Amino acid sequence: MRWIPFLILIYVGILVQVAVGAIPVRFAITGDIAPDIPAIIAVFFVLSLRDPRDAMMVAWSLGLAMDLMICGMDIAHTAVGPMAISYTLAASVIFRVREAFFRERALARALLVLLFCLIAHSVWVTLQTVLGFAWSAWWPSIVRAIGNSLYAAMLAPLICIGLQQCGGWFIAAPARRLRRR
Amino acid sequence: MQFGFSLSKKNTLVVMLAAAIITSVLGSWVSDMLRMPAVCALAPVSDYVNASTAAFKLAMVNREEPSMSSAEAARLRREVQQWKSIAWARSRGEVYWWDKYRKVQNTRNAYGASLERCELIPARVILGDVLPYGQSQTVIQGTIHGVEPGMRVVDVLTDRSKALPAGDKMRTITGYSPVSGKPMTGSVLVGWVEAAGRFTARVRLVTDKRFKADAWVHRTINPDKPRRITATTPDGPTEVVLNRSNNRLIKVKISGDGKRGMLTDAIPKAHNVLPGDWLWTIGQSAKLPVRLRIGKVVEVTQSVKIPNFVTMKIVPAAELSALRDVFIVRSLVSPQAHNRGGN
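Please read all numbers here as calculations on a predicted model, not as lab measurements.

(A) Focus on the interface of chain A and chain B. Contacts between the two partners involve 41 residues from chain A and, on the opposite side, 40 residues from chain B. Among the secondary structure elements, those contributing two or more residues to the side of chain A that touches chain B are helix H1 (3-22), strand E2 (31-33), helix H3 (52-69), helix H4 (82-97), helix H5 (106-132) and helix H6 (138-165) of chain A. Counting residues per element, the side of chain A that touches chain B draws most heavily on H3(A), at 8 residues. For the side of chain A that touches chain B, the per-class residue count stands at 25 nonpolar, 9 polar and 7 charged.

(B) Local environment of helix H2 (residues 28-60) of chain B. Look at H2(B): only 36 Å from first C-alpha to last across 33 residues, short of the 48 Å you get at 1.5 Å a residue. Taken as a whole, H2(B) carries its principal kink of about 65° at B:Ala43; the proline B:Pro44 stands between one and four residues after it. Burial in H2(B) covers these residues: B:Ser31, B:Arg35, B:Met36, B:Val39, B:Leu42, B:Ser46, B:Val49, B:Asn50, B:Thr53 and B:Ala54. Close packing links the buried residues of H2(B) with H1 and H3 of chain A together with helix H1 (9-26), strand E1 (118-128) and strand E2 (136-139) of chain B.

(C) Quick look at H4(A). Residue and element names in this part refer to chain A. When the terminal C-alpha atoms of H4 are compared, their 23 Å separation across 16 residues agrees well with the 22 Å that a helix rising 1.5 Å per residue should span. Judged by how many residues are buried, H4 sits mostly within the fold: 12 of 16 residues are covered. Residues of H4 that are buried: Pro 82, Met 83, Ala 84, Ile 85, Ser 86, Tyr 87, Thr 88, Leu 89, Ala 90, Ala 91, Ile 94 and Phe 95.

(D) Highlighting the nonpolar core. Residue and element names in this part refer to chain A. One finds Ala 42, Val 43 and Val 113 to be the most contacted residues of the largest nonpolar core, which totals 122 residues. The element best represented in this core is H3, accounting for 12 residues. Each residue touching Val 43, except ones within four places of it in the same chain, is listed here: Ile 94, Leu 112, Val 113, Phe 116 and Ala 156.

(E) Local environment of the packing of H1(A) against H2(B). Put simply, H1(A) and H2(B) touch, their axes get as near as 9 Å, and they point 30° apart. Between H1(A) and H2(B), the angle falls in the class roughly parallel. Here H1(A) runs over H2(B); the crossing is right-handed. Here A:Ile14, A:Leu15, A:Val18, A:Ala19 and A:Ala22 of H1(A) lie close against H2(B), whose contacting residues are B:Leu42, B:Val45, B:Ser46, B:Val49, B:Asn50 and B:Thr53. A per-class count over the contact of H1(A) with H2(B) returns 8 nonpolar, 3 polar and no charged.

(F) Here's a closer look at the pairing of strand E16 (residues 309-316) of chain B. All names here are of chain B. Note that strand E12 (residues 262-264) and E16 share 2 bridges and pair antiparallel. Within E16, the position partnered with Leu 263 by the bridge is Lys 313. By the bridge criterion, 2 bridges tie strand E13 (residues 267-268) to E16 in an arrangement that is antiparallel. Bridging across to E16, Ile 267 finds its partner in Val 310. Relative to E16, strand E15 (residues 293-302) is paired through 7 bridges, and the arrangement is antiparallel. Counterpart to Val 297 in the pairing with E16 is Ile 314. The turn linking E15 back onto E16 is made up of 6 residues, and Asn 308 within it adopts a positive phi angle of 65°.

The rules behind these values
Numbers given to residues run from 1 along each chain, matching the order in which its sequence is written. Naming scheme: in the order in which they are written, chains are lettered from A and ligands are numbered from 1. With pLDDT at 70 or above as the cut-off, local features in this predicted model cover only qualifying residues; side-chain atom pairs require 80 or more to be listed or tallied, and sums for whole chains, interfaces and linings still use all residues. By the convention adopted here, residues are in contact when the distance between their C-beta atoms, placed from the backbone, does not exceed 7 Å. Numbering goes from the N terminus for both helices and strands, where a helix is a DSSP run of H or I of at least four residues and a strand is a run of E of at least two. Gly is put with the polar residues, along with every residue not named as nonpolar or charged; the nonpolar set is Ala, Val, Leu, Ile, Met, Phe, Trp, Tyr, Cys and Pro, and the charged set is Asp, Glu, Lys and Arg. A helix's residues, less one, multiplied by 1.5 Å, set its expected span. Across the chain, bend at a residue is computed as the angle between axes fitted to the seven residues ending at that point and the seven starting from it. Counting other C-beta atoms within 10 Å of each residue's C-beta, where C-beta atoms are placed from the backbone, gives the exposure class: buried for 20 or more, exposed for 12 or fewer, partly exposed between. Structurally, a nonpolar core is described as a collection of buried Ala, Val, Leu, Ile, Met, Phe, Trp, Tyr and Cys residues joined by way of C-beta atoms within 7 Å. Every angle, taken between N-to-C directions, lies between 0 and 180 degrees, and every axis is a line fitted to C-alpha atoms, over only the stretch in contact when it is a helix. Throughout this description, any angle smaller than 35 degrees is read as roughly parallel, any larger than 145 degrees as roughly antiparallel, any in the 65 to 115 degree range as roughly perpendicular, and the remainder as oblique. The hand of a helix crossing depends on one turn: near helix anticlockwise from the far one by less than a right angle means left-handed, and clockwise means right-handed. Here a strand pair is declared whenever DSSP counts at least two bridges between the two strands.

If you want it as structure tokens, here you go:
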């Protein structure tokens with residue numbers, strides 16, 4: 001893992017997130033929703049890295065960057081840290097199930113991003129509501145989290161193709177599919 | 001040298017997770033301490049990103065605005081002529097003092113009598129919420145510029161507010177912004193400062209669920225469509241036509257709906273509030289001792305809980321999704337003086 005280029009990628013990823021987060025799409029059921037771009041980046045790295053600890057460190061870094069930028073929920077305050085924890089947890093789950101998928105397939109990537117986002121955002125929303133003692137905000141936020149996850153899953157194949165083109169800048173030794181003996 | 005442990009990947013990951021757990025538990029003061037520098041690091045580039053998205057949204061948003069009457073149009077033409085005269089006078093370059101004089105006059109005109117008890121700190125929105133779980137914005141002004149948590153944030157409308165009914169008494173005096181030079185007719189409340197770092201501050205918008213305030217409802221009078229209300233007279237409640245003499249303000253409690261608007265508590269149906277009426281700040285609080293517009297009534301619905309009462313849905317007067325230049329209001333009224341009833 002090449003960490004310096006990866007830090008630059010985090011910066012760029014957050015800037016892209018700032019842009020797409022500022023132009024949310026509105027649905028009657030969910031309210032405003034926006035894709036989680038760092039989650040897509042995290043899934044790409046989880047699918048590409050050999051070492052699960054590297055994958056989790058990548059997810060933690062992206063989660064922390066998101067934590068620092070998310071100021072709001074319909075509660076008094078959002079703490080820094082829960083998104084880092086939830087991204088790490090989601091990364092460990094994705095790392096375990098990745099062998100069951102053809103990782104290069106667009107549909108597989110979309111499904112894995114959906115799974116990642118659902119885990120990460122539900123855990124984040126739950127942790128924030130617990131820390132902020134705001135149970136009433138839980139259900140509306142979960143509904144919004146599902147919307148955000150679906151949106152991210154739709155964009156995932158496209159962004160993963162872009163990341164694959166420059167994957168060598170960030171990953172020294174990419175993972176290979178395990179072969180049956 | 002041995003430290004008793006090796007910096008393996010596993011240990012690093014454990015330390016990282018432990019740090020995340022500690023910051024989560026420690027809560028607000030640690031979070032704000034970490035967030036403010038992070039926002040500063042992003043600000044130089046995110047400002048451009050925010051400008052682009054704001055411009056895009058303004059181009060995409062199609063807000064319904066009241067049509068302009070011929071009298072209003074004539075008045076606007078006069079104003080434009082006046083500004084042209086001012087511009088010509090300024091272009092004569094008569095000098096420094098004339099320029100100074102005009103700036104003072106324009107500032108006073110721009111904010112009218114309504115903001116004379118406040119100092120306005122100009123600020124720029126550099127960052128919105130990256131995921132739409134809440135309703136907040138980050139502005140590039142901090143404690144070093146005098147910003148403190150709890151201060152109210154206003155936006156200065158440009159040509160949009162010119163479509164207000166000309167007979168509206170509460171309208172602020174027309175002028176142009178000393179900052180941008182754009183014509184404007186008044187300020188609107190957009191939010192409050194939730195947290196202030198040294199160089200940046202976080203602003204919660206009026207559409208946030210935690211926004212709760214008292215407000216006045218001002219019913220607009222349209223001579224073409226007379227409105228009947230129930231007024232209390234010595235003979236008891238009587239139905240009369242709303243006019244300037246009986247158009248008293250109605251006090252309501254408003255709160256953000258967490259989406260893109262605000263809701264009010266129930267008020268008697270007899271007031272006959274209709275879509276198109278305006279909501280104003282109370283103007284008597286120590287934080288904002290002036291009367292500013294908040295939003296416009298777009299929907300009046302029968303209250304479910306109380307018969308003969310209605311609730312209202314309000315849209316903010318400013319386009320909150322595309323905020324750029326705002327003003328943070330520093331009240332010059334001390335809380336003690338406010339409590340005594342004076343300035």
